[in-house]
Amino acid sequence: MGCVSSKHGVKHPPGYEDPIILASETAFTVNEVEALYELFKKLSFSIIKDGLIHKEEFQLALFRNSNRKNLFADRVFDLFDIKNNGVIEFGEFVRSLSTFHPNTPKAEKIAFAFKLYDLRQTGYIEREELKEMVLALLNESDVFLSNDIVETIVDNTFVQADLNGDGKIDLDEWREFVKKNPSLIRNMTLPYLKDISMVFPSFVMHSEGSDDPDMT
């Protein structure tokens, strides 16, 4: 894919959007969006070098391993890939990261987390979907529990969250469940995004300098 030129003659990759527009539509300031563009360029040229973030590059940023398969990472990538075209463009990158900004309303974070668990995109979180995500999150943290313990976690979640007892969790039930268990969206807020223009370039995603994942 080629680059596109701005009115100032600077070439940008496909999907590039003006920082002023992105700042007006997200929780970021113009300076923060510009800092994110530097981060985006680093990530989008890490393997394929076409100015777009491919899944392998996303995996590399999260795990420092482009071949590691993880349902959690796949789901986050899919939600960032708003156009569903298999890559993350700059505008998508900024808009999706904005969900994790400290100033973003809690309702948006709850909705994003719900979509993360709604693997089949049916508008509900079903038991098997929850189990798959629990296993993926445990795997991402290198934690291994017996099947009985995982089943207990899933059972307890449905006892608390499935208020009408229909065997699935809808968005309203999820909202109520999160209100009672706010730690569920604790990692939907990444404090350093508020100071991204100050911490870049030492910051690259949230795992490059540490083996401890932040989003579990």
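Keep in mind the model is a prediction, meaning the values are calculated, not measured.

Attention now goes to helix α6 (residues 106-117). Relative to the 16 Å expected for 12 residues at 1.5 Å per residue, α6 spans 17 Å between its end C-alpha atoms, a close match to the ideal helical length. Taken together, the buried positions of α6 are occupied by Lys-109, Ile-110, Phe-112, Ala-113, Phe-114, Leu-116 and Tyr-117. Looking at the buried residues of α6, the elements they touch are α4 (71-80), β5 (125-126), α7 (127-140), β6 (168-169) and α9 (171-180).

With that out of the way, let us pick up the UniProt feature "domain: EF-hand" (unreviewed entry) in the protein chain. Feature annotation in UniProt places "domain: EF-hand" (unreviewed entry) on residues 68-103, 105-140 and 149-184, given in this structure's numbering. Between the C-alpha atoms that bound residues 105-140 there is a distance of 27 Å. The span itself is 72% helix and 6% strand. Taken end to end, residues 149-184 is 64% helix and 6% strand, and its first and last C-alpha atoms sit 18 Å apart.

Membership of the largest hydrophobic core comes to 53 residues, with the highest contact counts inside it found for Leu-36, Phe-58, Phe-80, Phe-93, Tyr-117 and Trp-174. With near-sequence residues (within four places) excluded, Trp-174 lies in contact with Ile-110, Ala-113, Phe-114, Tyr-117, Ile-125 and Ile-169.

Attention now goes to the side chain of Glu-57. Tracing the chain through its elements places Glu-57 in helix α3 (residues 55-63). Within the buried set, Glu-57 has no salt-bridge partner at all; the shortest N-O distance to an opposite charge, 7.0 Å, is to Lys-49. Of note is the side chain of Glu-57, whose polar atom sits 2.9 Å from the backbone nitrogen of Ile-48. Ignoring anything within four residues of it in the chain, the contact list for Glu-57 reads Leu-43, Ser-44, Phe-45, Ser-46, Ile-47, Ile-48, Lys-49 and Leu-52.

Here we come to the packing of aromatic side chains. Per the counting criterion, the structure on display carries 12 aromatic pairs. Ring geometry for Tyr-16 against Phe-90: centres 5.6 Å apart, planes inclined by 10 degrees, an arrangement best described as stacked. A residue pair is termed long-range when its members are at least 10 positions apart, and Tyr-16 in the loop between β2 (11-12) and α1 (19-25) and Phe-90 in helix α5 (residues 90-98) qualify at 74 residues. Note on Phe-90: relative accessible area 0%, which makes it buried. With 5.5 Å between their ring centres and 70 degrees between their planes, Phe-58 and Phe-77 make a pair best called edge-to-face. Here the residue Phe-58 occupies a position in helix α3, and Phe-77 occupies one in helix α4, the gap between them amounting to 19 residues. In this structure, Phe-58 and Phe-77 share a single accessibility class: buried.

The rules behind each value
- Residues numbered from 1 in each chain as written.
- Predicted model: local features only at pLDDT ≥ 70, side-chain atom pairs only at ≥ 80, totals over all residues.
- Heavy atoms only, no water.
- Helix = DSSP H or I, 4+ residues; strand = E, 2+ residues; numbered from the N terminus.
- Expected span 1.5 Å × (residues − 1).
- Buried < 20%, exposed > 50% of the residue type's maximum accessible area, 1.4 Å probe, protein only.
- Contact = heavy atoms within 4.5 Å.
- UniProt positions renumbered as here; feature names shortened; annotations may be inferred.
- Core = buried A, V, L, I, M, F, W, Y, C linked by side-chain atoms within 4.5 Å.
- Lys, Arg positive; Asp, Glu negative; His and termini not counted.
- Salt bridge = Lys/Arg side-chain N within 4 Å of Asp/Glu carboxyl O.
- Polar contact = N/O pair within 3.5 Å; in protein donor to acceptor, adjacent residues only side chain to side chain.
- Phe/Tyr/Trp six-rings, centres within 6.5 Å; stacked < 30°, edge-to-face > 60°.

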